Amino acid sequence: MATNEVTLSTYKFYMNGEWKESQSGQTIDIMSPYLYETIGKVQAITKEEVDDAIWSAHDAQKEWAKTSLQQRASYLNKWADELVSRQEEIADTIMREVGKSYKDANNEVLRTADFIRYTIEEALHMHGESMRGDSFPGGSKSKVAIVERIPIGVVLAISPFNYPVNLAAAKIAPALMAGNAVIFKPATQGAISGTKMIEALDEAGLPKGLVALVTGKGSVIGDYLVEHKGMNMISFTGGTNTGVQLAKKATMIPLVLELGGKDPGIVCEDADLKEAAKQIVSGAFSYSGQRCTAIKRVLVHEKVADELVGLVKEEVEKLTVGSPEEGSMIVPLIDNRSADFIQILIADALGKGAEVVIGNKREHNLIYPTLLDHVTEDMRVAWEEPFGPVLPIIRVSSEDEAVQIANASEYGLQASIFTKDVNRAFRISGKLEVGSVQINGRTERGPDHFPFIGIKGSGMGVQGIRKSIESMTREKVTVLNLAE
Ligand code: NAP
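Residues numbered from 1 in each chain as written. Predicted model: local features only at pLDDT ≥ 70, side-chain atom pairs only at ≥ 80, totals over all residues. Heavy atoms only, no water.

(A) Structural context of the overall build of the protein chain. Helix and strand counts for the protein chain stand at 14 helices and 27 strands. Taking 484 residues into account, the globule formula puts the C-alpha radius of gyration at 23 Å, and the protein chain, at 24 Å, falls close to it. With the C-alpha coordinates of the protein chain rotated into their principal frame, the extents come out at 70 × 70 × 40 Å. Within the span of the protein chain, comprising 484 residues, buried residues form 58% of the whole. For the protein chain, long-range pairs separated by at least 24 residues make up 71% of all intrachain contacts whose partners lie at least 6 apart in sequence. (Helix = DSSP H or I, 4+ residues; strand = E, 2+ residues; numbered from the N terminus. Rg over C-alpha atoms; globule rule 2.2 N^0.38 Å. Buried < 20%, exposed > 50% of the residue type's maximum accessible area, 1.4 Å probe, protein only. Contact = heavy atoms within 4.5 Å.)

Listed below in structure tokens is the structure:
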């Protein structure tokens with residue numbers, strides 16, 4: 001393997017099959033959110049280097065599109081194997097870079113290898129279709145349409161910090177199996193983990209130029225990448241503001257956007273409250289709530305609200321708080337700015353009459369799990385995505401009120417409904433403006449072959465292994481006009 005370390009902890013970017021230092025001479029320090037020290041530096045690459053990476057990707061893609069699915073599968077299987085063999089190193093990097101517990105980081109690496117393998121299998125079993133003209137009035141049987149899926153070209157994959165390996169591979173693997181080249185722009189906080197993942201891919205011996213790792217701040221190179229004439233499709237996961245700006249700039253190319261959320265956990269009066277409390281706490285507080293599909297508000301029927309709040313509090317008291325190295329569930333947030341934002345939301349709610357059930361304590365960027373009761377619709381925390389360990393409880397007097405508040409959100413990712421009545425669950429589910437509804441379970445992404453959908457401010461298009469492959473291909477029709 002071409003080694004990637006310039007000094008102990010300065011990482012190169014990757015293009016045309018080579019690890020390089022940027023001509024800019026600039027690097028970006030990556031600070032660990034809990035060690036409070038620089039754990040490495042990544043290259044801040046130039047626009048000219050972006051251009052080179054994109055045009056090399058185009059050249060490589062033309063040859064890659066000619067390869068058989070079995071050939072592509074063999075490269076990607078090696079990638080998955082390589083990730084597993086470097087599992088400890090990559091998990092350790094994820095832990096130190098984004099402050100996720102070692103166990104979760106390790107699971108992320110294994111889940112990614114599984115994701116790649118499933119993507120291979122799915123792609124191997126996808127087929128086109130054919131149709132005859134005579135099913136349309138006046139059409140002729142002598143016309144036969146062959147509908148195939150063909151690659152789209154060069155895919156720009158932009159990932160967020162919170163799953164720096166899994167959410168990146170969830171774009172790269174389907175793009176490659178579909179016959180595309182990839183320009184991968186990791187979140188800057190997450191770029192070292194992304195680099196380690198690409199080192200594993202490099203080890204698989206992929207053709208030169210097919211995948212490029214471009215590092216640099218989104219605020220500096222993001223627009224240039226998005227507006228680049230060489231991009232044929234963008235798959236983006238990140239915040240809603242970033243995604244909306246990106247969508248305005250990317251013209252006439254397909255986009256898949258996975259954005260923020262404000263997933264409600266709706267607790268009906270007949271719910272199994274003990275189980276609901278467990279699901280809500282695990283949904284809301286895992287990885288300090290830094291998950292797009294975290295439960296970000298509870299809408300509970302007033303008749304059972306007191307009991308539910310008591311049970312949720314009991315579960316919150318069991319959460320471990322501290323360092324990711326100790327396996328804590330509540331860990332320091334990605335940066336101080338995120339912790340400041342949560343404090344603003346809490347202060348706003350308290351100023352307007354919300355009550356702290358537990359929490360509201362901060363040490364640097366570590367926010368203790370915080371439960372706010374009697375949250376009302378005039379409070380920011382009822383609507384805004386905190387991306388941290390604060391959970392607002394909103395008491396409602398009816399099913400309709402719960403649905404109305406759930407749907408008044410700018411977001412539409414997922415929702416949970418807790419009830420023992422399946423008819424009620426379906427009735428509520430049918431009214432909710434979200435991509436997925438979980439009945440008696442926490443909101444979550446996965447298993448990864450399920451369709452994953454965000455509507456309204458939560459996104460555009462569909463992810464999920466098969467859907468991702470489809471989104472990274474386009475249909476092409478060849479019509480045979482047979483002699484009668
Ligand atoms: P973010 O700040 O929006 O960043 C996401 C990515 O966009 C990063 O790679 C970032 O690069 C890049 N970026 C920034 N400005 C850009 C620009 N002008 N053009 C192109 N790219 C640009 O989000 P985050 O803080 O990493 O992640 C948290 C957010 O992601 C939350 O809102 C969460 O809900 C959402 N999320 C959604 C899903 C989902 O599946 N729906 C999954 C996970 C996370 P830099 O890091 O260099 O700025």
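(B) Region of interest: the environment of E148. Counting through the fold element by element, E148 comes out in strand β7 (residues 143–151). Here the alpha-carbon distance between E148 and E108, two residues 40 residues apart in the chain, equals 34 Å. Leaving out residues up to four positions away in the same chain, E148 has contacts with R474, E475, K476 and T478.

(C) Quick peek at the side chain of T240. As for its position among the elements, T240 is in helix α8 (residues 240–249). T240 has contacts with L259, G260, E410, Y411 and G457, leaving out every residue within four places of it along the chain.

(D) Up close: the sheet that holds strand β1 (residues 10–11). Pairing within the open sheet is mixed, and its 3 strands lie in the order β1-β5-β4. The open sheet has two edge strands, β1 and β4 (27–31), and neither has a second partner. As paired strands, β4 and strand β5 (residues 38–43) are joined by 5 bridges and run antiparallel to one another. When the sheet's bridge partners are listed, I28 is paired in β5 with V42. Each of β1, β4 and β5 is contacted by helix α6 (residues 191–203), which is oriented at about 65° to β5, the strand it contacts most. (Pairing = 2+ DSSP bridges. Axes fitted to C-alpha atoms, helices over the stretch in contact; angles between N-to-C directions.)

(E) Spatial organisation of the domain arrangement of the protein chain. What the domain assignment lists for the protein chain is domain 1 (4–259 + 460–476) and domain 2 (263–455). Across the boundary between the two partners, domain 1 contributes 30 residues, which contact 28 residues of domain 2. The contact between domain 1 and domain 2 buries some 2200 Å² in all, and 57% of this surface belongs to carbon and sulfur atoms. The largest contributions to the domain 1 side of the interface with domain 2 come from Y34, R111 and F161, which together make up 19% of the buried area. Across the domain 1-domain 2 interface, the total number found is 2 salt bridges. (Domains from an automatic or database assignment. Buried area = accessible area lost by both parts, 1.4 Å probe. Salt bridge = Lys/Arg side-chain N within 4 Å of Asp/Glu carboxyl O.)

(F) Expanded view of helix α9 (residues 273–285). Taking 1.5 Å of rise per residue, 13 residues should cover 18 Å, and α9 covers 18 Å from first to last C-alpha, within 8% of that figure. Within α9, burial applies to L273, A276, A277, Q279, I280, V281, G283, A284 and F285. Those residues of α9 that are buried are in contact with β13 (263–267), β14 (295–301), α10 (302–317), β18 (370–373), β19 (390–396) and β21 (414–418). The first or second residue beyond α9 is Y287, which carries a positive phi of 45°. (Expected span 1.5 Å × (residues − 1).)

(G) Seen up close, the sheet that holds β18. Across the sheet, 7 strands lie side by side as β15-β18-β19-β14-β13-β21-β22; this open sheet has mixed pairing. If you trace the sheet from one side to the other, it starts and ends with β15 (355–358) and β22 (436–439), each paired once. Strand-to-strand, the axes of this sheet are offset by a mean angle of 25°, without reference to chain direction. With 4 bridges connecting them, β21 and β22 associate as parallel partners. Bridging from a neighbouring strand, Q414 pairs with S436 of β22. Sheet strands touched by α10: β13, β14, β15, β18 and β19. Its angle to β14, the strand with the most contacts, is close to 145°.

(H) Geometry of the environment of F452. Inspection of the secondary structure assignment puts F452 in strand β23 (residues 452–453). Looking at F452, the relative accessible area reads 6%, which means it is buried. Residues F452 and V462, 10 residues apart in the sequence, show an inter-C-alpha distance of 5.8 Å. Beyond its immediate sequence surroundings of up to four residues, F452 is in contact with E258, C292, T293, L413, Q414, R445, G461, V462, Q463 and G464.

(I) Region of the structure containing the site of the ligand. Around the ligand, 29 residues are found, and the nearest of them are T188, G218, T242, L259 and E385. Here A187 contributes a backbone N or O atom positioned 3.3 Å from an oxygen atom of the ligand. E385 places a side-chain nitrogen or oxygen 2.7 Å from an oxygen atom of the ligand. In isolation the ligand offers 910 Å² of accessible surface; the protein chains occlude 84% of this area. Of all the secondary-structure elements, those providing two or more residues to the shell around the ligand are α7 (218–227) and β11 (233–237). Ranked by residues supplied to the shell around the ligand, first place goes to α7 with 4 residues. For the shell around the ligand, a count of residues per class yields 12 nonpolar, 11 polar and 6 charged. (Near = heavy atom within 4 Å. Polar contact = N/O pair within 3.5 Å; in protein donor to acceptor, adjacent residues only side chain to side chain. Areas by Shrake-Rupley, 256 points an atom, 1.4 Å probe, with all protein chains shown as cover. Nonpolar A, V, L, I, M, F, W, Y, C, P; charged D, E, K, R; others polar.)

(J) View of α8. Restricting attention to buried positions, one finds in α8 the residues T240, G243 and L246. The arc that holds the buried residues of α8, viewed along the axis, is 125°, so those residues lie on one side. Across from the buried face of α8, at angles greater than 90 degrees, the exposed residues are N241 and K248. Packed against the buried residues of α8 are β8 (154–158), α7, β11, β12 (255–258) and β20 (411–412). (Arc of directions from axis to C-beta.)

(K) Region of the structure containing the packing of α9 against α10. Where α9 meets α10, the axes come as close as 9 Å, and the angle between the chain directions of the two elements is 55°. Considering their axes alone, α9 and α10 lie oblique with respect to each other. Taken as a pair, α9 and α10 cross one another with a handedness that is right-handed. Where α9 abuts α10, its residues L273, K274, A276, A277, K278, I280, V281 and F285 lie against V304, E307, L308, L311, V312, E315 and V316. Class assignment for the residues of the contact of α9 with α10 results in 11 nonpolar, no polar and 4 charged. (Parallel < 35°, antiparallel > 145°, perpendicular 65-115°, else oblique. Left-handed = near helix turned anticlockwise from the far one by under 90°.)

(L) Structural context of the packing of aromatic side chains. Applying the stated rule across the entire model yields 3 aromatic pairs. A ring pair is formed by Y14 and W19, whose centres lie 4.6 Å apart and whose planes are at 40°; its orientation type is tilted. Of the two residues, Y14 and W19, both sit in the buried class. Residues W64 and Y75 carry aromatic rings whose centres are separated by 5.6 Å and whose planes lie at 55° to one another, so their mutual orientation is tilted. Of this pair, W64 sits in helix α1 (residues 47–64) while Y75 is found in helix α2 (residues 69–85), placing the two residues 11 residues apart along the sequence. Assessed through its relative accessible area of 1%, W64 is described here as buried. Relative accessible area serves as the criterion here: at 22%, Y75 is assigned to the partly exposed category. Across from the ring centre of Y163, 3.7 Å away, lies the NZ or CZ of K100, which sits over that ring. Taking NZ or CZ as reference, R445 lies 4.4 Å from the ring centre of F452, over its face. (Phe/Tyr/Trp six-rings, centres within 6.5 Å; stacked < 30°, edge-to-face > 60°. Lys NZ or Arg CZ within 6 Å of the ring centre and 35° of its normal.)

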